[in-house]
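# A look at the structure
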Amino acid sequence: MSNNLYIDLLKKVLIDYHRMEMGETPPIKRNKGHKPRYMLLYMLENILKNSDFTIREKVPYNKEKRLTGRDWPAYADSMVGLKRMENIEFCVNDTIKNNIPGDLIETGVWRGGSVIFMRALLKVAGITDKIVWVADSFEGLPKPDEDKYDADKGDDHYTHSNVLAISEDQVKYNFEKYGLLDEQVKFLKGWFKDTLPTAPIEKLSVLRLDGDMYESTINALDNLYAKLSVGGYCIVDDFGAVPACKMAIMDYRKQHNITEDIIDIDGFGAYWKKLN
Ligand SMILES: C[S@@+](CC[C@H](N)C(=O)[O-])C[C@H]1O[C@@H](n2cnc3c(N)ncnc32)[C@H](O)[C@@H]1O
């Protein structure tokens, strides 16, 4: 099989673009009058509403949603959708083509699909001197530190750990499934505020942020953006999706006088190339 065919197939497999599995709606707050598709689940959710987990609606596979990462796939290894997968492919290949020094990292990996894809792209290009860093708590998102980060007030991602907490062993197993777990994959387990300041990373060529919250985004930028090489890419998965994430990006860019154009990927994800 040609490398192009392998990469094309892999990115679709990683998001279950081909399998037509059920998706789930992200646990967004419902408006009054919203009619859930599955009444029984809705009733169950109401019964359980005082507990710390929420049942989301199961929704039938929708190709358009999977293209732009608008659902939470039930089984796929990544929720980013095809367009953001293609953006990863573009950024990684561009940095390889232009000999941009540095490793690759994703801060916030969930089941690992995006970092698995990064490792595959390096392998296909025959790159042996770059590491793919896999940074996650492996226990979901943190409870908001509301005193420190006003923008995270009321953020309830941490209550969805039944879906968002994927163990390190599970992510390693997911790499293994594709034959891509090796010494070029390194794990940074823990909260970003604890792991990123001392992470043994010298330089980065691709910095992919997918931690959703203000705290998670600003922690990654504060500790890693200075390590991003000129010619490298900063990708923000939730720029158009989570206002607090966008705010962290805009605050950091303002503080550090970053003026490169932010390029939209699919209405949610966005990225820029570091020019100086
Ligand atoms: C939306 S998911 C990532 C999706 C993933 N990039 C993909 O390809 O499907 C967010 C992830 O970020 C992690 N996370 C968010 N904030 C974090 C923090 N402050 N420290 C450690 N992990 C964090 C969560 O555990 C979760 O795995």
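Described in the following lines is the structure provided in the data block. Fair warning: this is a prediction, and the values are worked out from it, not measured in the lab.

### A word on the overall build of the chain
Regarding its fold elements, the chain presents ten helices and ten strands. Expressed as a percentage of its 276 residues, the buried residues of the chain come to 39%.

### Quick notes on unusual backbone geometry
Positioned with a positive phi, Asp16 is a non-glycine residue whose angle comes to about 55°. Relative to the assigned elements, Asp16 resides in the loop between α1 (3-14) and β1 (23-24). Of note, the phi angle at Phe138 is positive, near 60°, even though the residue is not glycine. Among the structural elements, Phe138 can be located in the loop between β5 (132-136) and α6 (161-164). Looking at Phe138, the number of C-beta atoms within 10 Å reads 18, which means it is partly exposed.

### Focus on the pairing of strand β4 (residues 103-107)
Across the five residues of β4, five count as buried, placing the element largely inside the fold. The alternating pattern of β4 places Asp103, Ile105 and Thr107 on one face and Leu104 and Glu106 on the opposite face, and all of these are buried. Where β4 meets strand β7 (residues 204-209), five bridges bridge the pair, whose relative direction is parallel. Bridging from a neighbouring strand, Glu106 pairs with Arg208 of β7. When β4 meets β5, the two strands line up parallel, connected through four bridges. Opposite Thr107, over in β5, you have Ala135 as the bridge partner. Note on the crossover from β4 through helix α5 (residues 113-124) to β5: the handedness is right-handed.

### Observations concerning the sheet that holds strand β10 (residues 270-273)
The pairing of strands in a sheet happens through backbone hydrogen bonds and is either parallel or antiparallel. Strand order in this open sheet of seven strands is β6-β5-β4-β7-β8-β10-β9, and the pairing throughout is mixed. Each end of this open sheet is capped by a strand with a single partner; those strands are β6 (185-189) and β9 (263-264). Strand direction decides the pairing type here: strand β8 (residues 228-236) and β10, joined by four bridges, are antiparallel. Within β10, the position partnered with Cys234 by the bridge is Trp272. Set on the sheet, helix α9 (residues 214-224) makes contact with β4, β7 and β8; between it and β7 the angle comes to about 170°.

### Let's talk about the pairing of β10
Both β9 and β10 contribute to a ladder of two bridges, which runs antiparallel. If you follow Asp264 over to β10, its bridge partner there is Ala270.

### Some details on the site of the ligand
The environment of the ligand is made up of 23 residues, and the closest members are Ser78, Gly108, Trp110, Ser137 and Ser216. Contributing elements (two or more residues each) for the shell around the ligand: α5 and α9.

### Comments concerning helix α7 (residues 168-177)
Buried within α7 we find Val171, Asn174 and Phe175. Buried positions in α7, seen along its axis, are confined to an arc of 100° and lie on one side of it. Across α7 from its buried face, at more than 90 degrees, point the exposed residues Asp169 and Glu176. The inward-facing, buried residues of α7 abut α5, β5 and β6. Positive phi shows up at Gly179, right after α7, with a value of about 70°.

### Examining the nonpolar core
Of all hydrophobic cores here, the largest spans 61 residues; its most connected members are Met118, Val134, Val236 and Cys245. The element that contributes the greatest number of residues to this core is α5, accounting for seven residues. Excluding its chain neighbours within four sequence positions, the residues that come into contact with Cys245 are Asp212, Met213, Tyr214, Thr217, Val236, Asp238 and Phe239.

### Regarding helix α4 (residues 81-97)
The end-to-end C-alpha distance of α4 is 25 Å, a good match for the 24 Å that 17 residues give at a rise of 1.5 Å each. All of the buried residues along α4 are Gly81, Arg84, Met85, Asn87, Ile88, Cys91, Val92 and Thr95. Seen end-on, α4 carries its buried residues on one side only, within an arc spanning 155°.

### Concerning the packing of α1 against α4
Following both chains from N to C, one finds α1 and α4 inclined at 135°, their axes separated by 10 Å at the closest point. Here α1 is positioned oblique relative to α4, judged by the angle of their axes. Every pair of crossing elements has a handedness; the one defined by α1 and α4 is right-handed. Taking contact as the criterion, the partners of Ile7, Lys11, Lys12 and Leu14 in α1 are, on α4, Leu82, Met85 and Glu89.

Cut-offs and rules
- Residues numbered from 1 in each chain as written.
- Predicted model: local features only at pLDDT ≥ 70, side-chain atom pairs only at ≥ 80, totals over all residues.
- Helix = DSSP H or I, 4+ residues; strand = E, 2+ residues; numbered from the N terminus.
- Buried ≥ 20, exposed ≤ 12 C-beta atoms within 10 Å, placed from the backbone.
- Pairing = 2+ DSSP bridges.
- Right-handed = clockwise from strand over helix to strand, strands pointing away.
- Contact = placed C-beta atoms within 7 Å.
- Axes fitted to C-alpha atoms, helices over the stretch in contact; angles between N-to-C directions.
- Near = placed C-beta within 6 Å.
- Arc of directions from axis to C-beta.
- Core = buried A, V, L, I, M, F, W, Y, C linked by C-beta atoms within 7 Å.
- Expected span 1.5 Å × (residues − 1).
- Parallel < 35°, antiparallel > 145°, perpendicular 65-115°, else oblique.
- Left-handed = near helix turned anticlockwise from the far one by under 90°.

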